[in-house]
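A look at the structure
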Amino acid sequence: MSDIAAPASDPSGAIRPPAIMLGPWGWARANLFNSWISTAVTLAIGYLLLRGITGFFDWAIVHAVWSVPLNAAGTPDATACQTAKGTGACWAVIADKYRFILFGRYPYDQQWRPAICVLLFIGLFIVSAMRRFWRRELALIWLGTLAAIGVLMWGGILGLSFVQQDSWGGLPITLILSTFGLALAFPLAVLVALGRRSTNLPAVKMICVVYVELIRGVPLISLLFMASVMFPLFMPEGLNFDKLLRAQIAFILFAAAYLAEVVRGGLQALPKGQAEAADALGLSYWHKTGRIILPQALRLVIPPLVNTFIGFFKDTSLVLIIGIFDLLTAGKVAMSEPAWQGFSTEIHIVLAIIYFAFCFAMSKYSRGR
Amino acid sequence: MSQAETTSHFVAPPGAPPAILLDRVNKWYGQMHVLRDVSLSVAEKERVVVCGPSGSGKSTMIRCINRLETHQQGRIVVDGTELTDDTRALDTIRREVGMVFQSFNLFPHLTILENCTLAPIWVRKMPKAEAEELAMSYLTRVKIPEQAKKYPGQLSGGQQQRVAIARALCMKPKIMLFDEPTSALDPEMIKEVLDTMIGLAETGMTMVCVTHEMGFARQVADRVVFMDRGEIVESGPPNDLFENPQTDRLQLFLSQILRGH
């Protein structure tokens, strides 16, 4: 610890901070070992952390079963996993079931199609995140990509076999629900927020207030139930559109109400002088809103906006209860397979990693703004 | 104050309609009567300075001229167009009336140049190149062309206010309104803004300016209007008004202003 010595002044006359505060050792002394209580707490937590990490490492890596042989019937033989149960993870269940978890009951030989869809979604997110693509053409890219995804999933044209929506499942469903949901809910939310602040259109304001309060007062689950069970009852005989679309609409309406309140927060936080200056220059309402108010207001609310986005990305998993086959549902079904009974932890970990990857990417991106 | 009295202090060219006419304008905030029978006529190319203690209604009055505030009684006619709920008339007026605010109100997410070209491009439908050329000429006139690519936050208060003046001028307004343009500035920056305004006054711009800068009023104003408690108490050429106040209220106000300086 030579750096602890001789803090004093150097010939240039500048006074340096005492060396004891510098470096990782200095930091640890100041924060972890500055009294006997904190030293004890540090040691206790350190011990628990070490035990936890080594325990997990043993279970997940050292004693893990990575693959199992096939038995005579051609199905995986989980005996090795059963033996290791409790001491080692059974990653063989993932190796065996990953395509089911990712793509659900989509026809096995056609699963390259949802796989491409997932890549298209990810590509779309990356392109949209890059500032240099923030041009008018981006809207076309979105339309094109979403159309391509529709064609790939449904098929029926271009020599692709038709796949019913009932057999879609897994990650594409989660991405479809959240991407279409937030992409359509966001513009709706901006309009509702603007409507709610309108001073000279009392009817519009009223509608917006009622919409937000009504939707916010109801749990998402009940809205999904209404969309899946009650809504078809009110429709005329024979006229029915598919369950995914109904859930999608319920999801858009729900997300828009929450996002509208976030956007309204931004509108309220903006100094009044900005709107006054725009008015004084003679800008029309839409020019004022589109060029002055929204660019600043939305920037102010990026953190709560991303917070809501992340929340809704995870909330798409609630479609489980109305029988739509999203990522989480697919995982649940995989867990219930007789051959792989008792390995839900491994599947849950993989599901968590997938959700975390998307949510963390969103969070990371918003912090860079 | 009757209209006859307020208008008697200037000689309008015969037949020329006033640039701004306020005729017995009244306004209330709830129960509070903030403008009481305010009548004022501003001729083309006239420079009017409005002064008065805070809360006297001078800002409210000037903000009524481009309808940032609405009046409840009386008539306001600007450049021959009466201010009503008709939005088309309002658009016409706002195009011809520039305004400079106490707190600058530049758009912080746009560069100085974009601040200046926004309205000409979107309201006047001017081609971008032309709007930029125009903006640069006005930025040169307020002596900050070299800041064009910066953002408002990178400029000093005085520079920001000069940009705000240039931004308003880019719309080629017939009338300029100033609402306490130097009140938010540090003392050393007041002069650069006042100099810009004096330069503007020399071009023959019709100006209505709410300010406490008595030196500016003496140098530039054709007429000074003194307001107190929502009404116009006195008005006249600056020297008459300052040397020979007729009312106790103006005397009191002037003594407070002078003591403050």
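Structural data are supplied above this passage.
A brief look at the structure comes next.

Conventions and cut-offs
Residues numbered from 1 in each chain as written. Chains lettered and ligands numbered in written order. Predicted model: local features only at pLDDT ≥ 70, side-chain atom pairs only at ≥ 80, totals over all residues. Heavy atoms only, no water. Helix = DSSP H or I, 4+ residues; strand = E, 2+ residues; numbered from the N terminus. Rg over C-alpha atoms; globule rule 2.2 N^0.38 Å. Buried < 20%, exposed > 50% of the residue type's maximum accessible area, 1.4 Å probe, protein only. Areas by Shrake-Rupley, 256 points an atom, 1.4 Å probe, with all protein chains shown as cover. Lys, Arg positive; Asp, Glu negative; His and termini not counted. Charge placed at Lys NZ, Arg CZ, Asp CG, Glu CD. Axes fitted to C-alpha atoms, helices over the stretch in contact; angles between N-to-C directions. Parallel < 35°, antiparallel > 145°, perpendicular 65-115°, else oblique. Left-handed = near helix turned anticlockwise from the far one by under 90°. Contact = heavy atoms within 4.5 Å. Nonpolar A, V, L, I, M, F, W, Y, C, P; charged D, E, K, R; others polar. Pairing = 2+ DSSP bridges. Polar contact = N/O pair within 3.5 Å; in protein donor to acceptor, adjacent residues only side chain to side chain. Buried area = accessible area lost by both parts, 1.4 Å probe. Salt bridge = Lys/Arg side-chain N within 4 Å of Asp/Glu carboxyl O. Core = buried A, V, L, I, M, F, W, Y, C linked by side-chain atoms within 4.5 Å.

For chain A, the count of helices and strands is 15 helices and 0 strands. Over its C-alpha atoms chain A spans a radius of gyration of 27 Å, topping by over 25% the 21 Å that the globule rule assigns to 369 residues. Once the C-alpha set of chain A is aligned to its principal axes, its extents read approximately 85 × 80 × 40 Å. Counting over 369 residues, chain A shows a buried share of 40%. A total accessible area of about 20500 Å² is found for chain A, and carbon and sulfur atoms account for 70% of it. Separation between the mean location of the 28 positive side-chain charges and that of the 18 negative ones in chain A comes to 9 Å.

Residue and element names in this part refer to chain A. In contact at an axis separation of 7 Å, helix α7 (residues 171–197) and helix α8 (residues 202–216) are set at 125° when each is read in the N-to-C sense. With respect to α8, the axis of α7 lies oblique. Judged by the sense of rotation from one axis to the other, the crossing of α7 with α8 is left-handed. Here Leu188, Val192, Gly195 and Arg196 of α7 lie close against α8, whose contacting residues are Val204, Lys205, Cys208, Val209, Tyr211, Val212 and Glu213. Residues that form the contact of α7 with α8 fall into these classes: 7 nonpolar, 1 polar and 3 charged.

Here we come to the sheet that holds strand β1 (residues 20–29) of chain B. All names here are of chain B. Overall, antiparallel pairing links the 4 strands, which are arranged β2-β1-β4-β5 in an open sheet. Both edges of this open sheet fall to β2 (32–42) and β5 (81–82), since each of them pairs with a single strand only. Relative to β2, β1 runs antiparallel, the two being bridged by 7 bridges. If you follow Val25 over to β2, its bridge partner there is Val38.

Residues and elements named next belong to chain B. Of all 6 residues in strand β10 (residues 231–236), 5 are buried, a share of seventy percent or more. As paired strands, strand β9 (residues 223–228) and β10 are joined by 5 bridges and run antiparallel to one another. Counted as the bridge partner of Val224 is Gly236 from β10. Linkage of β9 to β10, two consecutive antiparallel strands, is achieved through a turn of 2 residues, within which Arg229 is found at a positive phi near 45°.

It is worth spelling out the side chain of Asn115 of chain B at this point. Residues and elements named next belong to chain B. Mapped onto the elements, Asn115 comes out in helix α4 (residues 112–122). On the basis of relative accessibility, which here comes to 0%, the residue Asn115 falls in the buried class. Here the side chain of Asn115 touches Phe107 through a polar contact of 2.8 Å, landing on its backbone nitrogen. Polar side-chain contacts of Asn115 include one of 3.1 Å to the backbone oxygen of Leu110. Residues contacting Asn115, with those up to four places away along its chain left out, are Leu106, Phe107, Leu110, Pro152 and Arg167.

All names here are of chain B. Within the open sheet, the 6 strands sit side by side as β6-β7-β8-β3-β9-β10. Their pairing is mixed. Only two strands of the sheet have a single neighbouring strand rather than two, namely β6 (97–100) and β10. Going from strand to strand, the sheet's axes swing by 20° on average, the running direction of each strand aside. Across the sheet, helix α7 (residues 187–202) is in contact with β3 (47–51), β7 (175–179) and β8 (206–210); its angle to β8 comes to roughly 150°.

Looking at where Leu70 of chain A falls in the secondary structure, it is placed in the loop between α2 (36–62) and α3 (79–84). Residues contacting Leu70 of chain A, with those up to four places away along its chain left out, are Thr75, Pro76 and Asp77 of chain A.

Turning our eyes to something else, we now look at the interface of chain A and chain B. Taken together, the contact between chain A and chain B spans 15 residues of the former and 21 residues of the latter. Both sides together, the interface formed by chain A and chain B hides about 1600 Å², and carbon and sulfur atoms give 65% of it. Three residues stand out in chain A for area buried against chain B, namely Ala280, Leu281 and Arg291 of chain A, and they jointly supply 35% of the buried area on that side. Counting every contact that joins chain A to chain B gives 2 salt bridges.

Once that is clear, we can look at the nonpolar core. With 130 residues, the main nonpolar core has Trp340 of chain A together with Ile20, Leu22 and Leu177 of chain B as its most contacted residues. Broken down by element, this core gets its largest block of residues, 14 residues, from helix α10 (residues 243–269) of chain A. Leaving out residues up to four positions away in the same chain, Leu22 of chain B has contacts with Val38, Ser39, Leu40, Met61, Ile65, Arg75 and Ile76 of chain B.

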